[in-house]
Amino acid sequence: MIKHIWILTLFPEMFKPFLECGISGAAFRGERSVDLKFELHFVNIRDYSQTKYKSVDDSPFGGGPGMVMRADILRYALVKGVQEAGGYESLEKLHVIYTSPRGKVWNNKVAREFGTNVLASNVKDVVFIAGRYEGIDERFLAKYVDDFYSVGDFVLTGGELAIMLMLDSAVRFVPGILGNKLSSEDDSFEDGLIEFPQYTKPREFEGMEVPAILLEGHHKKILEWQHEEKLVMTKKWRPDLIKG
Ligand SMILES: C[S@@+](CC[C@H](N)C(=O)[O-])C[C@H]1O[C@@H](n2cnc3c(N)ncnc32)[C@H](O)[C@@H]1O
């Protein structure tokens, strides 16, 4: 199955290094799994502006600082650049997402759900819209956006980094993408705790030894130690995660 992911943005070039590097780059180049291949498509919103100077924004009604992205140009980009270019019979076949401070706050649980239920699902292809300026005309959002996600309680200058962050953290949960199935299960947040400390060669570094238990080859004891260390690390670094 091929899962198409469409990204409407004013800065498609921002995604170039993302696609060139690491596991998620390989995943979104369609090179990681056999059963499910991703194909990313970039739609430059500016290409769909019919204004004289190819502008995509205008000043807000009611006044105020900044500019607002126009609903008509975004709709045109969505219909021409995605629906018609991709051969979808209607916009109903697409899951349209806008990254915005108002959205559902992204965390590991949301990333897992998104990876499993959206990226790995064959029901609908996905469209991400990256906002810029002061955001997008509310009428476009009301009519065409299915889901809103925020990557945290701060304001980015654009939605591109938010989209990359979402894709990178969610693709880890798509079956077949990570080499070792266990690697996402062992990571931080999976059981509500921070990961245990990790060590590799050399056995001694600047007077510090690797914990002896890791060298004894006693699998059960190592698992117990790792669990204890998760608690220690979480209490030390993220006490807010420990409830009750
Ligand atoms: C400068 S921001 C607009 C902020 C908007 N005026 C507000 O106060 O909510 C431009 C774009 O960056 C993206 N963005 C900013 N902060 C974000 C966040 N925390 N999560 C996801 N996207 C964000 C959105 O797509 C937004 O349209």
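Because the structure is predicted, anything quoted here is derived from the model rather than measured.

A description of the overall build of the protein should follow, citing residues and the corresponding values.
Along the backbone of the protein there are 8 helices and 9 strands. Pairs at least 24 apart in sequence give 77% of the contacts found in the protein among residues at least 6 apart.

With reference to specific residues and values, describe the nonpolar core.
Residues Ile7, Leu8, Leu74, Val127 and Phe128 are the most contacted members of the largest nonpolar core, which totals 46 residues. Counting residues per element, this core draws most heavily on helix H6 (residues 160–171), at 7 residues. Beyond its immediate sequence surroundings of up to four residues, valine 127 is in contact with Trp6, Leu8, Leu78, Val82, Leu94, His95, Val96 and Ile97.

I'd love a proper account of the site of the ligand, names of residues and values included.
Every one of the 18 residues lining the ligand counts as a neighbour, but Thr99, Gly131, Leu156, Gly159 and Ala162 are closest to it. For the shell around the ligand, the leading source of residues is strand S5 (residues 94–105), giving 3 residues. Grouping the amino acids of the shell around the ligand by side-chain chemistry returns 7 nonpolar, 9 polar and 2 charged.

Please provide a residue-by-residue account of unusual backbone geometry, values included.
Residue lysine 201 is joined to proline 202 through a cis peptide bond whose omega torsion reads 0 degrees. Note that proline 202 resides in the loop between helix H7 (182–185) and strand S8 (204–205). Of note, the phi angle at lysine 54 is positive, near 60 degrees, even though the residue is not glycine. Along the polypeptide, lysine 54 turns up in the loop between strand S2 (37–44) and strand S3 (57–58). Take lysine 54: there are 13 C-beta atoms within 10 Å of it, and that puts it in the partly exposed class. Backbone geometry at glutamate 206 places phi at a positive 50 degrees, although glycine is not the residue there. Within the secondary structure layout, glutamate 206 lies in the loop between S8 and strand S9 (208–209). Exposure remark for glutamate 206: the 5 C-beta atoms within 10 Å place this residue in the exposed category.

Cut-offs applied
- Residues numbered from 1 in each chain as written.
- Predicted model: local features only at pLDDT ≥ 70, side-chain atom pairs only at ≥ 80, totals over all residues.
- Helix = DSSP H or I, 4+ residues; strand = E, 2+ residues; numbered from the N terminus.
- Contact = placed C-beta atoms within 7 Å.
- Core = buried A, V, L, I, M, F, W, Y, C linked by C-beta atoms within 7 Å.
- Buried ≥ 20, exposed ≤ 12 C-beta atoms within 10 Å, placed from the backbone.
- Near = placed C-beta within 6 Å.
- Nonpolar A, V, L, I, M, F, W, Y, C, P; charged D, E, K, R; others polar.

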